[in-house]
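Structural overview for review
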Amino acid sequence: MNIDWIHFTPGSALTGGALIGVASALYLLGSGRIAGIAGIVAEPLSAWLLRKPLGVHAVRLLFVLGLLLSPWIWRLWAPLPPMVSNSSAGTTVLAGLLVGFGTRMGNGCTSGHGVCGLSRLSGRSLVNVLAFMGAGFATVLLTRHLLA
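Notes on the structure in this doc start here. All residue numbers refer to positions counted from 1 along the written sequence of the respective chain. For a predicted model such as this one, the threshold for reporting local features is a pLDDT of at least 70, and the threshold for listing and counting side-chain atom pairs is 80 or more; totals across whole chains, interfaces and linings nevertheless cover every residue. Each side-chain value is worked out from all heavy atoms of the structure, with water and hydrogens disregarded.

Any Lys or Arg side-chain nitrogen located within 4 Å of an Asp or Glu carboxyl oxygen qualifies as a salt bridge. Inspection of the entire model under this criterion finds two salt bridges. Glu43 is the salt-bridge partner of Arg33, the closest N and O atoms lying 2.8 Å from each other. On the criterion of sequence distance, the pair formed by Arg33 in the loop between helix 1 (10-31) and helix 2 (37-49) and Glu43 in helix 2 is long-range, its members being 10 residues apart. With a relative accessible area of 37%, Arg33 lands in the partly exposed category. Among the salt bridges present, the one from Glu43 reaches Arg60, with a minimum N-O distance of 3.0 Å. Remark: Arg60 occurs in helix 3 (residues 58-74) and Glu43 occurs in helix 2; sequence separation between them is 17 residues. One connected set of salt bridges, linked through shared partners, spans Arg33, Glu43 and Arg60. We count a stretch as a helix when DSSP gives it H or I for four or more residues in a row; a strand needs E for two or more, and each element gets its number in order from the N terminus. The rule is simple: take the accessible area with a 1.4 Å probe, protein chains only, and divide by the maximum for that residue type; under 20% is buried, over 50% is exposed, in between is partly exposed.

General note: in soluble globular proteins, nonpolar side chains tend to be found buried as a group. Of all hydrophobic cores here, the largest spans five residues; its members are Tyr27, Ala35, Ile40, Phe63 and Cys116. A contact between two residues is defined here by any heavy atoms of the two lying within 4.5 Å. Each residue touching Ile40, except ones within four places of it in the same chain, is listed here: Tyr27, Ile34, Ala35, Arg60, Phe63 and Val64. The set of buried Ala, Val, Leu, Ile, Met, Phe, Trp, Tyr and Cys residues whose side-chain atoms join them within 4.5 Å is what this entry labels a nonpolar core.

What a helix is expected to span follows from its residue count: subtract one and scale by 1.5 Å. For helix 4 (residues 89-105), spanning 17 residues, the distance from its first C-alpha to its last is 24 Å, which sits close to the expected 24 Å at 1.5 Å a residue. Positive phi appears at Asn107, one or two residues downstream of helix 4, with a value of about 55 degrees.

Along its 13 residues, helix 2 runs 18 Å from first to last C-alpha, staying within 8% of the 18 Å computed at 1.5 Å per residue. Residues of helix 2 that are buried include every one of Ile40, Pro44 and Ala47, and no others. Buried residues in helix 2, looked at end-on, bunch into an arc of 60 degrees, giving them a common side. The secondary structure elements touched by the buried residues of helix 2 are helix 1 and helix 3. Backbone geometry just downstream of helix 2 places Arg51 in the positive-phi region, at approximately 55 degrees. Each C-beta atom gives one direction from the helix axis, and the arc is the one those directions make.

This next bit is on unusual backbone geometry. Among all residues save glycine, negative phi is the norm, and among peptide bonds the norm is trans. For Arg51, which is not glycine, the phi dihedral falls at a positive 55 degrees. Relative to the elements of secondary structure, Arg51 occurs in the loop between helix 2 and helix 3. Take Arg51: its relative accessible area is 79%, and that puts it in the exposed class. With a phi angle near 60 degrees, Leu121 is a residue other than glycine that sits in the positive phi range. Mapped onto the secondary structure, Leu121 falls in the loop between helix 5 (110-119) and helix 6 (123-146). By relative accessible area, Leu121 is classed as exposed at 75%.

Pasting the structure below:
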């Protein structure tokens, strides 16, 4: 394994991680809810599909809007990093479906369990993080090293 020292950016990674932590803490303090993206997106989506009022979900919708606008805001100060994918469209769709299935099966996503759950010392979140990280490690081992 080689580290790409030219593109190694610990400062921006630390800043980004700190911003995620601060945003998660502010969301918890302000709403009393965990900043798990799966839940934040699922509740207004479910209300919209069931034709229920969306007003009670205003904070969640603003949170999602912030997630969607952040790349454009970033572009005001710096270029976005290039997107590179060596996967086919079918592989990408299959991966997305598997992640979605795992998210529903684990009652949460990486932001809910990994960022918020672990910081609260949740045993359930620790098990989920170990499961999805282990699945990611196994996938890379299979696709990049054993089946390549």
